[in-house]
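Letter by letter, the chains look like this.
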Amino acid sequence: MSDIPGDLKYTKTHEWLKILDDKTLVVGITAHAQDLLGDMVFVELPELDTSYNAGDDCAVVESVKAASDIYSPVSGEVIEINEALTDAPEIINKAPYEDGWIFKMRAEDFDEVENLLNANEYEEFCASEEH
Amino acid sequence: MNAKMVDFGGWEMPIHYGSQITEHHQVRNDAGMFDVSHMTVVDLNGIKTREFLRYLLANNVDRLKTAGKALYTCMLNEQGGILDDLIVYFMRDDWFRMVVNAATREKDLAWIIQHAKNFSVEINERTDLAMIAVQGPNAREKVQQIIAHAEQQSVPQIKDMPAFNAYELSDYFIARTGYTGEDGYEVILDNALASDFWQKLHQLGVKPIGLGARDTLRLEAGMNLYGQDMTESTTPLESGLGWTIGWEPTDRNFIGRSVIDAQRQAKEHKIFVALVLEGKGILRHDQRIMRDNQDIGVITSGSYSPTLEQSIALARISPIVEQNVAVEIRGKLIPAKIVKSPFVRNGKSCLP
């Protein structure tokens, strides 16, 4: 099983979400997701200062194999995007939970964050998907 | 070898063993091996085999004059549509060998057997044989080492074999052919010997390559994939394969001829082009191609080119003289340019 850090929240569409001290959120895709997709070659980042509803497709990552939508884990506004990925999408493969983050957002409703999967639940979900 | 496996026409096949891009570069810069045992090897035996193939195949087997020579050709239906693309090897007057696609195996065999009846040609599918492609600038030397060791001497027929030829040893059928745009061999051998041959190559530093890199390699080489770039409802002229048709002599009657002769005369058919994306994004199968607000065609194969580090594609479009088009990617029009195929040959970019 791929690396699943215990201090993050997860979605069933394989995004991870980290809560920073100032309550802003960082979003990326999990080690498991990048492993399934393979070598990343293109990232279409979300629009800055744009609000998305939970579950909206807001970004796209493309590997050699396929394009994959990234869904906003919660409702909120995009406040920062990781421009480094534009020239070096492979960072997502190398460090999916650190330098490979995709965007930061401010949540509208923090209950939505609490309702996401924890690490154990995400691990169980991945295991169930493989069967 | 820790491969990611996928179902491919009923065969369990590796997509990649590690990084698909690393595997791609391994073939372009050194040597890689592909287990392509899913390909269908068919032997045709009988004194009228050449006469039969003159009728069955769109390319003219009379181009095969010396033993071992290979020919790339389409096999057409009566409507000029492509039933399959294949390589045919002329070994002896009473023995030709064909290698056809796996996904089309059943319909191909039925078609061949049906038409062979009038020629009393014997059709033998060789399920006892495996096939390993070894490709890249250092590929031939590695295979030669193994062969020389097995035969206890250097084999000049293999070493000095020109491109697009094959030679048969007792245990190995070795062809200087491939699907990557690199030099190399495709080795056909008994199933029982395949694992040992694979291990020997591995010991010599030849790395296993999955289906993923096989696809980007063939795309850079401008080679069509059956079922994607061409199907039963597209003709060779619409698939960039007009060069594979043996138009001469004009009185050679082959299946589908009348339809593609007429299409060639009318000059109104769709054309098959190579595309390079000029904006950001990745070209993919089924994206639409636009010019002056008109939908002029579709991408048949598209991907990221690891050698060129940009996106490339093959596409079928209405005939145009301009080189600039746009591709619709997620609702946006991104500029792309028509270029000459192939994109890459022998490790080097062919782009201007």
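Residues numbered from 1 in each chain as written. Chains lettered and ligands numbered in written order. Predicted model: local features only at pLDDT ≥ 70, side-chain atom pairs only at ≥ 80, totals over all residues. Heavy atoms only, no water.

### A look at the overall build of chain A
What chain A contains, in helices and strands, is five helices and nine strands. When the helices and strands of chain A are read in sequence order from the N terminus, they spell out β-β-β-α-β-β-β-β-β-α-α-β-α-α. A globule of 131 residues ought to have a C-alpha radius of gyration of about 14 Å, and chain A, at 14 Å, matches this closely. Structurally, chain A occupies a C-alpha span of about 35 × 35 × 25 Å along its principal axes. When burial is assessed residue by residue, chain A has 53% of its 131 residues classed as buried. (Helix = DSSP H or I, 4+ residues; strand = E, 2+ residues; numbered from the N terminus. Rg over C-alpha atoms; globule rule 2.2 N^0.38 Å. Buried < 20%, exposed > 50% of the residue type's maximum accessible area, 1.4 Å probe, protein only.)

### Re the interface of chain B and chain A
Contact with chain B, which involves 15 residues of that partner, is made by 15 residues of chain A. For the pair chain B and chain A, the summed buried area comes to about 1300 Å², and 50% of that belongs to carbon and sulfur atoms. For the pair chain B and chain A, the interface holds four salt bridges. Ionic pairing is found between E62(A) and R284(B), a salt bridge with its closest N-O pair at 2.8 Å. For the pair chain B and chain A, the interface holds 12 residue pairs in polar contact (both at pLDDT 80 or more). Counting only elements with at least two residues in the side of chain B that touches chain A, the list comes to β2 (11-16), α1 (20-29) and β16 (294-305) of chain B. Its residues assigned to classes, the side of chain B that touches chain A shows four nonpolar, six polar and five charged. (Contact = heavy atoms within 4.5 Å. Buried area = accessible area lost by both parts, 1.4 Å probe. Salt bridge = Lys/Arg side-chain N within 4 Å of Asp/Glu carboxyl O. Polar contact = N/O pair within 3.5 Å; in protein donor to acceptor, adjacent residues only side chain to side chain. Nonpolar A, V, L, I, M, F, W, Y, C, P; charged D, E, K, R; others polar.)

### Quick word on the packing of aromatic side chains
Residue and element names in this part refer to chain B. Within the structure shown, the criterion is met by eight aromatic pairs over all chains. When the centroid spacing of 5.3 Å and the interplanar angle of 50° are considered together, the rings of F52 and F119 count as tilted. Here F52 is found in helix α2 (residues 49-56), whereas its partner F119 is found in the loop between α3 (105-116) and β8 (122-125), with 67 residues between them in sequence. Taken individually, F52 and F119 each receive the classification buried, so the pair is uniform in this respect. (Phe/Tyr/Trp six-rings, centres within 6.5 Å; stacked < 30°, edge-to-face > 60°.)

### Description of α2(B)
Residues and elements named next belong to chain B. All of the buried residues along α2 are T49, R50, F52, L53 and L56. The buried side chains of α2 occupy one side of the element, clustering within an arc of 155° when seen end-on. Elements that come into contact with the buried residues of α2 comprise β4 (40-45), β5 (70-76), β6 (82-92), β7 (95-100), α3 and β8. (Arc of directions from axis to C-beta.)

### Here's the deal with the sheet that holds strand β12 (residues 184-190) of chain B
Residues and elements named next belong to chain B. Spatial strand order, β10-β11-β12-β9-β3-β13: six strands in an open sheet with mixed pairing. In this open sheet, the two strands that pair with only one neighbour each are β10 (166-168) and β13 (207-208). Inspection of the sheet shows strand β11 (residues 172-175) paired to β12 by four bridges, in the antiparallel sense. Across the sheet, the residue bridging to F173 is I188, located in β12. (Pairing = 2+ DSSP bridges.)

### Examining the sheet that holds strand β7 (residues 67-71) of chain A
All names here are of chain A. An order of β4-β6-β7 is seen for the three strands of this open sheet, with the pairing classed as antiparallel. Each end of this open sheet is capped by a strand with a single partner; those strands are β4 (40-44) and β7. On average, adjacent strands in this sheet sit at an angle of 25° to one another, irrespective of strand direction. Of the pairings in the sheet, the one linking β4 to strand β6 (residues 57-63) comprises four bridges and is antiparallel in character. Across the sheet, residue M40 finds its bridge partner in β6, namely S63. (Axes fitted to C-alpha atoms, helices over the stretch in contact; angles between N-to-C directions.)

### Some remarks on the environment of I70(A)
All names here are of chain A. Tracing the backbone through its elements, the reader meets I70 in strand β7. Overall, the relative accessible area of 2% leaves I70 in the buried class. Considering only alpha carbons, one finds I70 and G55, 15 residues apart in sequence, at a separation of 8.8 Å. If near-sequence neighbours (up to four positions away) are discounted, I70 is found in contact with E15, I29, D56, D57, C58, A59, V60, V61, I102 and F103.

### What to know about the domain arrangement of chain B
Residues and elements named next belong to chain B. Partitioning chain B into structural domains gives domain 1 (1-269) and domain 2 (270-343). Taking only C-alpha atoms, the centre of domain 1 and the centre of domain 2 are 27 Å apart. Across the contact, 22 residues belong to domain 1 and 20 residues belong to domain 2. Taking both sides of the interface into account, the surface hidden between domain 1 and domain 2 amounts to around 1600 Å²; carbon and sulfur atoms contribute 57%. Our count for the domain 1 to domain 2 interface comes out at zero salt bridges. For the side of domain 1 that touches domain 2, the elements supplying multiple residues, two or more each, are α1 and α7 (211-220). (Domains from an automatic or database assignment.)

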